[in-house]
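Understanding the architecture of this molecule
Here is what each chain is made of, one letter per residue.
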Amino acid sequence: MDTGSGLIYLTATVVMFASPVTLAPMPDQYYRGVDWLSRYGYLSPPDPHAGKLQTKEGIEKAIRQMQRFAGLTETGELDADTLNLMSKPRCSLPDIVGTEDMLRKRKKRYALSGLRWGKKGLTWSLLNYPKLQSTLDPSLVKYLMYQALKVWSDNTNLQFSETGQANQADIKISFAHSIHDDGYPFDGKGGTLAHAFFPGDVDIAGDTHFDDEESWTYRDDRGTDLFTVAVHEFGHALGLSHSSSHPSIMQPYYSGPVGDENTYKLPMDDLQAIQTLYGVKVKRETTPPVGRPTPRRPERPKTPPPRVTAPPDPDAQARCEGGFDAVANIRGEVFFFKGSYFWRMQRTGSLVSFSPARITNFWMGLPHDTNKIDAVYERKTDNHIIFFIGSNYWIFKDTSVLPGYPRPLSEWRMRTQSGKQVDQVQSAFVWAHNGKTYLFSRGEFWRFTEGQGGTVPQPDAEYPKSVSLWKGVPSDPDDVISWGQEGYTYFFKGNSYWALKSGGLDEGVITPKSTAVDWMRCPAPAPTPSYKPRSGGGQCNCDVNTAPTFTAPSRLILVPLVILLQCVGQLI
Ligand SMILES: [Zn+2]
Ligand SMILES: [Zn+2]
């Protein structure tokens, strides 16, 4: 047996229990109970070669041990409470890891597997998504994995970073069903829910598997809460065994959702366990970004360092001053590109990290010196992601570029109204209202009807048209997205954004709002004087008092000017 993987052998028999109705177990319940006790480490499996059978005393002792671990009355019998608990959905890992001697000495508290990672920076990768029973959006699944790992790193010096190189990740996360190549098959809906491998040097160490036949849910009691189970399994992936303590996230049985993933805190037992392995967290200003390798940090010094005033955070400055080169809705997350970096906002509205990730570390195949993306969009026909930089474009499948790219932008056959070939795209998006793709360049826009097969479409007839047809928004936006359940369209320019309701091309007055405050989670600035049209303003609402004060000076001028032009346009 490979001790490095840390997951001891479990019998593959499927255990199903009828609802207990009497105190005396039926014969099949008895044998299934014995099987259950073997599966979860309370009873050594009978040795088929020696022909040794379990003794009545041995089984009774195992039942008592199971009852003690679970906090039940120790009867030594398969009574109703015991059978009921055995029928609960749970983690595949055994409860008992270690010798009988260790167990006798053991207090009712957390247990460590004896294995831990020898490094503080760990990488993770989500290999696939639930598909058999769950309808969770892939971006939501990834978000929940991120949050579940964060629960552990919030309290220790561990740092997790997502890596695009899946086969090199320390913690490879996947959804699988039945037999799935690791010797620990899942058992369909109910029963075992998930398992994870303890830390170690072998490839499978840290890997975490979820049974794809469960109905994984998010904030919905009708299924199994993915966040709750993920926090538990990552506890194993970091070296924790099952705990007999109440409360503890490391209890083996699933008892319903633990609550809001943003505010969930580890119970004291689990906190002590993880800090025993990896130390108490040394506070830092920022969390590591997704997609960027985590720098190694020095160990906590024995004497605390002198307090110093934190210098201004350059990440926060870049994030809060706006001026994004491109914004894209990719798999329901909003990506903000600026210079060589990007930020990601989850569908729940939270940023994956306040620190940006380097574009070329995430999107493998763009030029290494990429320092400006013109426009990005996700193609709805095949979910490929298309990048425009200068007079070239790239097509990505997930984060890998397709062979043969970049290719020239001229393949899109965009010509201006004056007949010139378009040499740069400024904005690109798929309009949720009609599913068509729109590309913008220098005040004009083209519409495309994309078909299957992934070939570059021709512009629809009668295009280009003037961006001024989109009333109330800048004519040269930095980028445009359709996003959210309502399918609103958002125009971004400088540090402001304009929201158009679904299907509305001419909605009259649209008040720009602050990208920094609403999207990048920056503090709201002190109110600044509102812009008022000089005369004849009519209903024009040109209030820009939500525009942040730390906008670059050129943009402070630009934003009111754009609105002024729009106001004038409505007066004509
Ligand atoms: Zn477990
Ligand atoms: Zn597995």
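Residues numbered from 1 in each chain as written. Chains lettered and ligands numbered in written order. Predicted model: local features only at pLDDT ≥ 70, side-chain atom pairs only at ≥ 80, totals over all residues. Heavy atoms only, no water.

**Some details on the overall build of the chain**
Heads up, the condition is: Under the scheme used here, helices are H or I runs from DSSP no shorter than 4 residues and strands are E runs no shorter than 2 residues, and both carry numbers assigned from the N terminus. Burial here depends on accessible area, computed with a 1.4 Å probe over protein chains only, as a share of the maximum for the residue type. Under 20% is buried, over 50% is exposed, and the range in between is partly exposed. Should any heavy atoms of two residues lie within 4.5 Å, those residues are considered in contact. What sets the accessible areas is the Shrake-Rupley method with a 1.4 Å probe; for residues, cover comes only from the shown protein chains.
The secondary structure content of the chain amounts to eleven helices and 24 strands. Across the 572 residues that make up the chain, the buried fraction comes to 50%. Restricting the contact set of the chain to residue pairs at least 6 apart, pairs at least 24 apart contribute 61%. Entry remark: accessible area of the chain is about 27,200 Å², with carbon and sulfur atoms responsible for 53%.

**Structural notes on the environment of Tyr 278**
Defined as follows: Nitrogen and oxygen atoms within 3.5 Å of one another constitute a polar contact, given that in protein one can donate a hydrogen and the other can accept it, and given that sequence-neighbouring residues count only through two side-chain atoms.
As for its placement among the helices and strands, Tyr 278 is situated in helix 7 (residues 268-278). C-alpha separation for the pair Tyr 278 and Thr 156, spaced 122 residues apart in sequence, amounts to 6.0 Å. Aside from chain neighbours lying at most four places away, what touches Tyr 278 is Arg 116, Trp 117, Lys 120, Thr 156, Asn 157, Leu 158, Pro 199 and Leu 238. Separated by 2.7 Å, the side chain of Tyr 278 and the backbone oxygen of Leu 238 make a polar contact.

**Concerning the coordination of the zinc ion (ligand 2)**
Rule in force here: The donor definition counts N, O and S atoms within 2.8 Å of each metal and applies 3.2 Å to Na, K and Ca; water is not among these atoms, so some sites may look incomplete. Note on geometry labels: four donors, all angles 85 to 135 degrees, give tetrahedral; four donors become square planar and six octahedral when opposite donors are over 155 degrees apart and every other angle is between 65 and 115; remaining cases are irregular.
Around the zinc ion (ligand 2), the protein contributes the donor atoms His 180 (NE2), Asp 182 (OD), His 195 (NE2) and His 209 (ND1), at 1.9 to 2.0 Å from the metal centre. Angles of 92 to 117 degrees at the metal separate the four donor atoms of the zinc ion (ligand 2), which places the site in the tetrahedral class. Between consecutive donors of the zinc ion (ligand 2), the numbers of intervening residues give the motif H-x1-D-x12-H-x13-H. Each member of the pair His 180 and Asp 182 is classed as buried.

**Re the sheet that holds strand 8 (residues 326-330)**
Quick reminder of the rule: Strands pair, by our definition, only if DSSP identifies at least two bridges between them.
Taken together, four strands build an open sheet; the order of strands is 8-9-10-11 and the sheet is antiparallel. In this open sheet, the two edge strands, each paired with only one partner strand, are strand 8 and strand 11 (357-358). Relative to strand 10 (residues 341-345), strand 9 (residues 333-338) runs antiparallel, the two sharing five bridges. Bridged to Phe 336 within strand 10 is Trp 343.

**Brief notes about the coordination of the zinc ion (ligand 1)**
Tetrahedral coordination by four donors sets the ideal angle at the metal to 109.5 degrees; octahedral coordination by six donors sets it to 90 or 180 degrees. Distances from the zinc ion (ligand 1) to its protein donors, Cys 91 (SG), His 232 (NE2), His 236 (NE2) and His 242 (NE2), fall within 1.9 to 2.2 Å. Given four donor atoms and angles of 101 to 117 degrees at the metal, the environment of the zinc ion (ligand 1) is assigned as tetrahedral. If you list the donors of the zinc ion (ligand 1) from N- to C-terminus, the spacing comes out as C-x140-H-x3-H-x5-H. Of this pair, His 232 sits in helix 6 (residues 226-237) while His 242 sits in the loop between helix 6 and helix 7, and the two are ten residues apart along the sequence. Across the pair, His 242 and His 232 agree in class, each one buried.

**Quick look at the side chain of Asp 187**
Summarising the element assignment, Asp 187 is placed in the loop between strand 3 (171-176) and strand 4 (194-196). Within the local environment of Asp 187, its side chain forms a polar contact with the backbone nitrogen of Thr 192, the two atoms lying 2.9 Å apart.

**Concerning the pairing of strand 23 (residues 496-500)**
Of all five residues that make up strand 23, four are buried, and the element is covered over most of its length. Pairing geometry for strand 22 (residues 488-493) and strand 23, over five bridges, is antiparallel. Across the sheet, the residue bridging to Lys 493 is Ser 496, located in strand 23. Connecting strand 22 to the next strand, strand 23, in antiparallel fashion are two residues, including Gly 494 with a positive phi near 60 degrees. Relative to strand 24 (residues 513-514), strand 23 runs antiparallel, the two sharing two bridges. Bridge assignment links Ser 496 to a residue of strand 24, and that residue is Ser 514.

**Details of the pattern of salt bridges**
Definition in use: For this document, the term salt bridge refers to a Lys or Arg side-chain nitrogen within 4 Å of an Asp or Glu carboxyl oxygen.
Counted under the stated rule, the structure contains 21 salt bridges. Taking the shortest distance from any N to any O, the salt bridge between Asp 220 and Arg 222 comes out at 3.0 Å. Residue Asp 220 is classed as partly exposed on the basis of its relative accessible area, which comes to 23%. With its nearest N and O atoms 3.5 Å apart, the salt bridge here joins Asp 476 to Lys 493. Here Asp 476, found in the loop between strand 20 (465-466) and strand 21 (479-483), pairs with Lys 493, found in strand 22; they are 17 residues apart in sequence, far enough to count as distant. Classification of Lys 493 as buried rests on a relative accessible area of 11%.

**Here we look at the UniProt feature "binding site: Zn(2+) 1" (unreviewed entry) in the chain**
The cut-off we apply is this: UniProt positions are given in the numbering used here, feature names are shortened, and annotations may be inferred rather than shown by experiment.
Mapped onto the present numbering, the UniProt feature "binding site: Zn(2+) 1" (unreviewed entry) falls on His 180, Asp 182, His 195 and His 209. Judged by maximum C-alpha separation, these annotated positions cover 30 residues in sequence but sit close together in space, the widest gap being only 12.1 Å. Discounting chain neighbours no more than four positions away, the residues touching Asp 182 are His 195, Phe 197, Ile 204 and His 209. Here His 180 takes part through its side chain, which lies 3.1 Å from a polar atom of the side chain of Asp 182. Along the chain, His 209 falls in strand 5 (residues 208-211). Here the side chain of His 209 touches Asp 182 through a polar contact of 2.8 Å, side chain to side chain.

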